[in-house]
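# What the coordinates show
So you can see what is in the structure, the chains are spelled out below.
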Amino acid sequence: MSKCLNLLLLLLLMFCLVYQSEILPAENPFISVSGKKRGNIRLRCEHEDDNIVHIELFTRSRVINVCETEECRGRVFKEGNCDVVIKNLFFSDAGKYTLRIYYNNDQTELKYRLHIHDEISVKTGEELKMSVLVSDADKVKTNSSGEWKEIWTRDHGVQSDRMNDDNDGNLIIKSFLDSDAGTYRVLDTEGEILITVTITAGENTDPHHSAPKLWSWVETFLFGFVTSVFFAYIVIIAVQFLLIFAGRI
Ligand SMILES: *[C@@H]1O[C@H](CO)[C@@H](O)[C@H](O)[C@H]1NC(C)=O
């Protein structure tokens with residue numbers, strides 16, 4: 001009877017182990033971090049241990065030089081035990097990162113997915129250049145028309161004749177229209193969002209806006225002119241009176 005119970009417990013234990021090992025890898029292993037372009041970001045390692053010997057940060061394609069303190073020149077430096085701060089973010093910083101932490105006799109890895117966002121305002125008729133075609137970019141979508149549409153793909157380039165792309169990774173709208181305002185998303189090959197740019201149509205160079213400026217200039221001029229003439233007139237009259245008065249004496 002007890003043998004049977006032991007066997008049952010053993011089976012249950014095995015089931016739990018298998019179940020857990022099936023479940024864990026299915027979880028998203030990436031820690032999502034979002035930062036604003038030109039802002040700073042912190043990749044938190046959340047390790048209290050003091051015996052961390054060394055950390056390494058790398059992307060799929062390169063190892064990133066992590067400075068030991070903020071004083072050194074790089075944009076990327078270590079803070080606290082093993083947090084990594086990236087300063088003055090570029091769109092090209094978006095993507096996946098691995099932080100490898102070495103202990104005295106062990107090591108662990110943390111994975112991050114860095115999303116960069118920006119909010120800009122563009123005037124009608126202006127050229128808009130967005131440096132969003134970063135190396136991991138696979139697609140660009142926008143909802144400026146009210147629904148999500150693909151406007152660029154890695155394989156086929158731009159999908160609209162009002163746009164260009166160049167070899168420096170820029171997506172260019174030659175002459176911005178108010179109807180281009182909306183959210184632009186850059187996705188990687190897995191469909192994860194790397195970059196979000198929110199574009200609003202700015203106040204502008206519209207002739208109705210510049211007219212009051214010209215008008216107020218004319219107004220100021222006229223007002224100044226009329227006032228000067230009025231004062232000159234008063235002075236002349238006063239002088240005449242004085243002369244007449246002086247003549248009588
Ligand atoms: C685009 O999507 C964003 C959020 O994802 C929303 O706030 C915005 O109103 C949408 N714009 C248009 C033009 O549909």
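Residues numbered from 1 in each chain as written. Predicted model: local features only at pLDDT ≥ 70, side-chain atom pairs only at ≥ 80, totals over all residues. Heavy atoms only, no water.

### Digging into the sheet that holds strand S5 (residues 76-79)
Here three strands make up an open sheet; going across it, the order is S2-S6-S5 and the pairing antiparallel. Looking at strand neighbours, the two that pair on one side only are strand S2 (41-43) and S5, the edges of this open sheet. Strand after strand, the sheet turns through a mean of 30 degrees between neighbouring axes, direction not considered. Bridge count between S5 and strand S6 (residues 83-86): four bridges; the pairing is antiparallel. Paired with Val 76 across the strands is Ile 86, a residue of S6. (Pairing = 2+ DSSP bridges. Helix = DSSP H or I, 4+ residues; strand = E, 2+ residues; numbered from the N terminus. Axes fitted to C-alpha atoms, helices over the stretch in contact; angles between N-to-C directions.)

### A look at the pairing of strand S3 (residues 52-58)
Strand direction decides the pairing type here: S3 and strand S7 (residues 95-103), joined by six bridges, are antiparallel. Considered in S7, the bridge of Ile 52 is made with Tyr 103. Looking at chain direction, S3 and strand S4 (residues 63-64) are connected through two bridges and run antiparallel. Note that in S4 the partner of Phe 58 across the bridge is Val 63. A loop of four residues connects S3 with S4, the two strands running antiparallel in sequence.

### Quick look at the pairing of strand S11 (residues 149-153)
Strand direction decides the pairing type here: strand S10 (residues 139-142) and S11, joined by four bridges, are antiparallel. Across the sheet, Lys 139 pairs through a bridge with Thr 153, a residue of S11. Taking the residues that link successive antiparallel strands as the turn, the S10-S11 hairpin has six residues, and the phi of Gly 146 there is positive, at about 105 degrees. The sheet contact formed by S11 and strand S12 (residues 157-158) spans two bridges and is antiparallel. Residue pairing across strands places Thr 153 opposite Gly 157, the latter belonging to S12. Linking S11 back to S12 in an antiparallel pair, the connection comprises three residues.

### Points about the site of the ligand
Lining the immediate surroundings of the ligand are Asn 143, Gly 146, Trp 148, Thr 183 and Arg 185. Between Asn 143 and the ligand, the recorded distance is 2.2 Å, taken from a side-chain N or O atom to an oxygen atom. Taken by itself the ligand offers 360 Å² of open surface, and the protein chains cover 43% of this. Looking at the shell around the ligand, its residues break down into one nonpolar, three polar and one charged. (Near = heavy atom within 4 Å. Polar contact = N/O pair within 3.5 Å; in protein donor to acceptor, adjacent residues only side chain to side chain. Areas by Shrake-Rupley, 256 points an atom, 1.4 Å probe, with all protein chains shown as cover. Nonpolar A, V, L, I, M, F, W, Y, C, P; charged D, E, K, R; others polar.)

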